[in-house]
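Understanding the architecture of this molecule
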Amino acid sequence: MVDEARRIGVEALKALAHPLRVRIFSELTSYGPATASSLAARLGESSGSTSYHLRQLEKHGYVREDAERGNGRDRWWERVPGPIELAEATFASDPGAREAGDLVEREFIDNENRRFADYWSSRPQLPEEWVRSTQTGSAALRLTAAELEELGQEVWAVFERWRSRPADPAAQRVDLQFRGFPIVREDGRLETKEEGSR
């Protein structure tokens, strides 16, 4: 069963619009549950700072306490499961919504690029089967905006179907990244059918 994306409101979007909060959210997404202290060590922050930002993320429904972990002294946090949808809030007329959305998306992209760069630099030390199974590439297609949206929904449905499967005991965390966007010319305009290549 594919989870429907949870639509984020403007206030929740603004609450996420902090570089460290996006980084914490991304870390919990990629690496799973963690304590404020372990996140602080990974991100080069103080545990007081990560604790504060975790509570803000919890307040807006991005993370929750992982009740199955911890010992009363250490509080473990996990990302609330399921996809989130920022677009509706980003295009709201509320002042600052667009800027908040831009910051969040930029941070998500930076974190995705960082994770891929970490993988790429670690390849010599990784088992060969993982390096061989890695998927990279791109495809240039001719699509309308509606077709691009439809393609994106299909791709996310595949991601969600795989995410909802029971994990094999030998499974490792894998980062799947998908970006579909119009190609922009050097002058900042979209390529038109007449001006474009075949």
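Quick summary incoming for the structure in this document. (Residues numbered from 1 in each chain as written. Predicted model: local features only at pLDDT ≥ 70, side-chain atom pairs only at ≥ 80, totals over all residues. Heavy atoms only, no water.)

Some details on the sheet that holds strand β3 (residues 63-65)
Pairing in this open sheet of 3 strands is antiparallel, and the strands run β2-β4-β3 from one edge to the other. Of all the strands in the sheet, just β2 (34-35) and β3 have a single pairing partner and so form its edges. Note that β2 and strand β4 (residues 76-79) share 2 bridges and pair antiparallel. The residue bridging threonine 35 from the neighbouring strand is tryptophan 76, located in β4. (Pairing = 2+ DSSP bridges. Helix = DSSP H or I, 4+ residues; strand = E, 2+ residues; numbered from the N terminus.)

What about the side chain of glutamate 78?
Along the chain, glutamate 78 falls in strand β4. Look at glutamate 78 and you get buried, because its relative accessible area is 18%. Of the polar contacts made by the side chain of glutamate 78, one reaches the side chain of arginine 64; its length is 2.7 Å. Look past the residues within four positions of glutamate 78 in its chain and what remains in contact with it is Leu28, Pro33, Val63, Arg64, Glu65 and Asp66. (Buried < 20%, exposed > 50% of the residue type's maximum accessible area, 1.4 Å probe, protein only. Polar contact = N/O pair within 3.5 Å; in protein donor to acceptor, adjacent residues only side chain to side chain. Contact = heavy atoms within 4.5 Å.)

Focus: the pairing of β4
Moving residue by residue along a regular strand, the side chains alternate between the two faces of the sheet. In the sheet, β3 pairs with β4 via 3 bridges, with the strands oriented antiparallel. Residue pairing in the sheet places arginine 64 in a bridge with glutamate 78 of β4.

Quick look at the nonpolar core
Grouped together as the largest cluster of nonpolar side chains are 26 residues, with contacts concentrated most on Leu16, Ile24, Leu28, Leu54 and Tyr62. Going through the elements one at a time, α1 (10-16), α2 (19-31), α3 (36-43), α4 (47-59) and α6 (97-122) are the ones with two or more residues in this core. No other element matches the 5 residues that α2 contributes to this core. Ignoring any residue separated from it by four or fewer positions in sequence, one finds tyrosine 62 in contact with Arg6, Ile8, Ala12, Leu13, Leu16, Phe25, Leu57, Arg79, Val80 and Ile84. (Core = buried A, V, L, I, M, F, W, Y, C linked by side-chain atoms within 4.5 Å.)

Brief notes about the packing of aromatic side chains
Scanning the model with the defined rule gives 7 aromatic pairs in all. Between the aromatic rings of phenylalanine 25 and phenylalanine 108, the centroid separation amounts to 6.0 Å while the plane-to-plane angle is 50°, which identifies the pairing as tilted. Here the residue phenylalanine 25 occupies a position in helix α2, and phenylalanine 108 occupies one in helix α6, the gap between them amounting to 83 residues. Seen in terms of ring centroids, tryptophan 156 and phenylalanine 159 are 5.0 Å apart; in terms of plane orientation they differ by 90°. Their pairing is edge-to-face. Here tryptophan 156 pairs with phenylalanine 159, and both are found in helix α8 (residues 145-163), just 3 residues apart, close to one helical turn. According to the relative accessible area criterion, phenylalanine 159 is buried, its value standing at 18%. (Phe/Tyr/Trp six-rings, centres within 6.5 Å; stacked < 30°, edge-to-face > 60°.)

Some remarks on a nonpolar patch on the surface
A surface patch of nonpolar side chains, about 300 Å² in accessible area, is lined by Trp130, Val174 and Leu176. With respect to the secondary-structure elements, tryptophan 130 resides in helix α7 (residues 128-133). (Patch = residues over 30% accessible without salt bridge, like charges linked within 9 Å, V, L, I, M, F, W, Y side chains within 5 Å. Areas by Shrake-Rupley, 256 points an atom, 1.4 Å probe, with all protein chains shown as cover. Salt bridge = Lys/Arg side-chain N within 4 Å of Asp/Glu carboxyl O.)

Things to note about the environment of alanine 140
Relative to the helices and strands, alanine 140 resides in the loop between α7 and α8. Alanine 140 gets classed as exposed once you look at its relative accessible area, which sits at 69%. The spacing of alanine 140 and alanine 170 is 30 residues in sequence and 35 Å in space, taken between C-alpha atoms.

Nothing here speaks to function; it is all geometry.
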